[in-house]
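Given next are the chains, with one letter for each unit.
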Amino acid sequence: MKKQLGFLVDTEKCIGCFTCAMACKNVYHQQKGIVWRQVHPMGESIYPHRERAWLSLACNHCENPVCLEQCPVKAYTKREDGIVVHDQDACIGCGNCVRSCPYGAPRMNPVEKRAEKCSMCWQRIDAGLDPACVHSCPVGALSIADISTARLDGWVQYPAGYPESRRLNPSTRFKAPRQPREVRRNDA
Amino acid sequence: MNSMELPLVIFTVLSQGAVGLVALTAARQWASDGGSGMAQAPRTAWLTAVALLALGAFAAMFHLGHMGGAVRTLANLESAWLSREGLALGATGALLLAGYLSPGLRARGATTVAAVLGVTAVLVTSMTYAPAGFPALNNALPGVFFLLTAAVLGPALAAPFLPDAHQPAAMRALRAALLVSLVINLVVPCVWLSGGTVMRLTGEAFLTAPLYWLRLALLGASYALARGGRMPAWMLPLLAAQELLGRALFFMLPVHASVNIGNPF
């Protein structure tokens, strides 16, 4: 496997504070209603505890990105480091990528009438910095790694509540949320 | 609920109607005994098909955020179904236009080639609308729906151009297409209910939508009224209305996989 940068999401550490999503918004100033990173609460049927658990998701920068495959004007490219970049100037706003991505990563900008999505802050990465979301996370729940070489024991690709797509092979990896410890009174 | 995508509704229904017109005309040419005036497909039929394709393509332009880039949609033929769709429909339109201008290209063999190319274009179009983001549609169903639209609208569009001897056959073809469409459109949402969570949500969205039942009622009424040996003049508007409604629901009601993130799939 070639070099492939991917987000590592530690749901055990994530407290659902949305700082990552806000940091993204602060850097890129997306239109109202458009988010490139979203923090999804896990439903009770997956995590039935009083304490909540969250999935912080942006573009997965898939190994085989369906957005790139289905874009009729080749507005998407995949860099050597695996980051999938969208060229908004080339986009004609057909919405094909928006419909195709099962993770909802590309969004239609209603003002520009073009699609847009998370670029993993490749300009920051090229400058040796972390993406804005990773940089801002107060609990260290987000990080990036080259998943082709990193040791990822204990990390999973498809946690509960995350659509499985083996053909796309999304690059995000997750650490499952910790199960709360049950404290019972000793009747004896 | 998604956007109705009205430009795509108009584009897909009109282009599939044009293909249905060509396919039915080709079928009648093969069925004719040579004495029923079908040695060549009627020139006006080909003009109608070209006009429907052109009107559909024009409507599709309004779906794009930037119409000026429409010509660039052919840039990714190696992997994008939308690029292939443009090529397939463009080739079909060019062949029909050539047929309109040249009588030799409306003979039985050439008409069959146009029909096969048109049906291929419909199937290619269906791949564009079977995206991975919609589990309920990421399969062969868009192809089935689109071919049924061609089969339903084809006889009604072709009937005015067919000789009297072929009118009963057009009515039989319409009744068969309507019956199959009725059954498929009734069964598919029920099948979705047995799928994964997102597919089930799509099935529920259809079965609880009054417009879905209105569409089925129009489909049933069309079937009940499609009697006799000749196509009534009001049949085409009725069929077009139910097909346009059905296509609008096709774009509006399916649930995107990302809607359910955080919950079981």
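Now for a look at the structure at hand. Because the structure is a prediction, the values reported are computed rather than measured.

In terms of regular secondary structure, chain B is built from 9 helices and 0 strands. Along chain B, helices (α) and strands (β) appear in the sequence α-α-α-α-α-α-α-α-α when read from the amino end. A compact globule built from 265 residues would reach a C-alpha radius of gyration of about 18 Å, and chain B, at 19 Å, matches this within 12%. By principal-axis analysis of the C-alpha atoms, chain B measures approximately 65 × 45 × 25 Å. For chain B, the residues scored as buried account for 52% of the 265 residues in total. Partitioning the contacts of chain B with sequence separation of at least 6, the portion at a separation of at least 24 is 77%. Taking the average location of the 13 positive side-chain charges in chain B and that of its 7 negative ones, the two points are 7 Å from each other.

Attention now moves to a nonpolar patch on the surface. All names here are of chain B. A cluster of nonpolar side chains, namely Leu179, Val183, Leu186, Val187, Val191 and Trp213, defines an oily patch on the protein surface of about 510 Å² accessible area. With 5 residues, the top contributor of residues to the nonpolar patch is helix 6 (residues 167–192). Within the fold, Val187 resides in helix 6.

This model, assessed by the stated rule, comprises 10 salt bridges over all chains. One salt bridge in this structure joins B:Glu243 and B:Arg215, with 3.6 Å as the shortest N-O distance. Remark: B:Arg215 occurs in helix 8 (residues 210–225) and B:Glu243 occurs in helix 9 (residues 235–252); sequence separation between them is 28 residues. B:Arg215 matches B:Glu243 in its accessibility class, with the two residues each being buried. The structure contains a network of salt bridges with shared partners spanning A:Arg79, A:Asp81 and A:Asp126.

What follows is about the interface of chain A and chain B. At the interface, 34 residues of chain A touch 33 residues of chain B. Around 2,400 Å² of area is buried between chain A and chain B when both sides are counted, 56% of it from carbon and sulfur atoms. By the criterion of area lost to chain B, the three top residues of chain A are A:Pro72, A:Ile92 and A:Arg99, representing 27% of everything that side buries. At the boundary of chain A and chain B, one finds 1 salt bridge. Where A:Lys74 meets B:Glu78, a salt bridge forms, and the shortest distance between an N and an O atom there is 2.8 Å. Our count for the chain A to chain B interface comes out at 26 residue pairs in polar contact (both at pLDDT 80 or more). Listing elements by their share of the side of chain A that touches chain B, those giving two or more residues are strand 2 (38–41), strand 3 (54–57), helix 2 (66–70) and helix 3 (96–100) of chain A. Of the residues forming the side of chain A that touches chain B, the biggest block, 4 residues, is contributed by helix 3 of chain A. Classifying every residue of the side of chain A that touches chain B by side-chain character gives 19 nonpolar, 9 polar and 6 charged.

A few words on the nonpolar core. Among soluble globular proteins, nonpolar side chains are generally buried collectively. In terms of nonpolar packing, the biggest core is built from 67 residues, with B:Leu96, B:Leu174 and B:Leu239 touching the most fellow members. If near-sequence neighbours (up to four positions away) are discounted, B:Leu96 is found in contact with B:Val22, B:Trp46, B:Ala49, B:Val50, B:Leu53 and B:Ala114. Core analysis: the next-biggest nonpolar cluster, separate from the first, contains 38 residues, A:Trp36, A:Val85, A:Cys133 and A:Phe174 among them.

A few words on the sheet that holds strand 8 (residues 142–146) of chain A. All names here are of chain A. Read across the sheet, 3 strands follow the order 8-1-9 without closing on themselves; strand pairing throughout is mixed. For this open sheet the edge positions go to strand 8 and strand 9 (173–175), each flanked by a neighbour on one side alone. With strand direction ignored, the average angle separating the axes of adjacent strands in the sheet is 25 degrees. Here strand 1 (residues 5–10) runs beside strand 9; their pairing, made up of 3 bridges, is parallel. Note on strand 9: the bridge partner recorded for Asp10 is Lys175.

Next up on the list: the packing of helix 8 of chain B against helix 9 of chain B. Axes are the key here: two packed helices are described by the angle between their axes and the distance separating the axes. Residue and element names in this part refer to chain B. It is at 9 Å that the axes of helix 8 and helix 9 come closest, and there the two elements cross at 155 degrees. By the angle between their axes, helix 8 is roughly antiparallel relative to helix 9. In this structure, helix 8 crosses over helix 9, and the sense of that crossing is left-handed. Between helix 8 and helix 9, the contacting residues are Leu211, Tyr212, Leu214, Arg215, Leu218, Leu219, Ser222 and Leu225 on the first element and Met235, Leu238, Leu239, Gln242, Glu243, Leu245, Gly246 and Leu249 on the second. Across the contact of helix 8 with helix 9, the residue classes tally to 11 nonpolar, 3 polar and 2 charged.

Let's shift gears to unusual backbone geometry. Residues and elements named next belong to chain A. The backbone phi angle of His61 is positive, close to 45 degrees, even though this residue is not glycine. Summarising the element assignment, His61 is placed in the loop between strand 3 and helix 2. Note on His61: relative accessible area 0%, which makes it buried. Within the chain, Lys113 stands out as a residue other than glycine whose phi angle is a positive 55 degrees. With respect to the helices, strands and loops of the structure, Lys113 is situated in the loop between strand 6 (107–109) and strand 7 (114–116).

Residue and element names in this part refer to chain A. You can see Asp146 is positioned in strand 8. Of the side chains with opposite charge, Lys3 lies nearest to the buried Asp146, which makes no salt bridge, at 5.4 Å. For Asp146, the side chain forms a polar contact with the main-chain nitrogen of Gln4, separated by 3.0 Å. Here Ser148 takes part through its side chain, which lies 2.6 Å from a polar atom of the side chain of Asp146. With sequence-adjacent residues up to four places away left out, Asp146 is seen in contact with Lys3, Gln4 and Leu5.

It is worth spelling out the packing of aromatic side chains at this point. Scanning the model with the defined rule gives 14 aromatic pairs over all chains in all. Measuring from ring centre to ring centre gives 6.2 Å for A:Phe18 and A:Trp54, while their planes differ by 75 degrees; the resulting arrangement is edge-to-face. Remark: A:Trp54 occurs in strand 3 and A:Phe18 occurs in the loop between strand 1 and helix 1 (19–28); sequence separation between them is 36 residues. Judged by relative accessible area, A:Phe18 falls into the partly exposed class, the value being 31%. Taken together, the aromatic side chains of B:Tyr129, B:Phe145, B:Phe146, B:Phe250 and B:Phe251 make up a single cluster linked through ring pairs. For A:Arg37, the ring lying beneath its charged end belongs to A:Phe7, and the centroid distance is 4.5 Å. When the ring centre of B:Tyr100 is taken as reference, the NZ or CZ atom of B:Arg43 above it lies at 4.2 Å.

Rules used in this analysis
- Residues numbered from 1 in each chain as written.
- Chains lettered and ligands numbered in written order.
- Predicted model: local features only at pLDDT ≥ 70, side-chain atom pairs only at ≥ 80, totals over all residues.
- Heavy atoms only, no water.
- Helix = DSSP H or I, 4+ residues; strand = E, 2+ residues; numbered from the N terminus.
- Rg over C-alpha atoms; globule rule 2.2 N^0.38 Å.
- Buried < 20%, exposed > 50% of the residue type's maximum accessible area, 1.4 Å probe, protein only.
- Contact = heavy atoms within 4.5 Å.
- Lys, Arg positive; Asp, Glu negative; His and termini not counted.
- Charge placed at Lys NZ, Arg CZ, Asp CG, Glu CD.
- Patch = residues over 30% accessible without salt bridge, like charges linked within 9 Å, V, L, I, M, F, W, Y side chains within 5 Å.
- Areas by Shrake-Rupley, 256 points an atom, 1.4 Å probe, with all protein chains shown as cover.
- Salt bridge = Lys/Arg side-chain N within 4 Å of Asp/Glu carboxyl O.
- Buried area = accessible area lost by both parts, 1.4 Å probe.
- Polar contact = N/O pair within 3.5 Å; in protein donor to acceptor, adjacent residues only side chain to side chain.
- Nonpolar A, V, L, I, M, F, W, Y, C, P; charged D, E, K, R; others polar.
- Core = buried A, V, L, I, M, F, W, Y, C linked by side-chain atoms within 4.5 Å.
- Pairing = 2+ DSSP bridges.
- Axes fitted to C-alpha atoms, helices over the stretch in contact; angles between N-to-C directions.
- Parallel < 35°, antiparallel > 145°, perpendicular 65-115°, else oblique.
- Left-handed = near helix turned anticlockwise from the far one by under 90°.
- Phe/Tyr/Trp six-rings, centres within 6.5 Å; stacked < 30°, edge-to-face > 60°.
- Lys NZ or Arg CZ within 6 Å of the ring centre and 35° of its normal.

The values are spatial; any link to function lies outside them.
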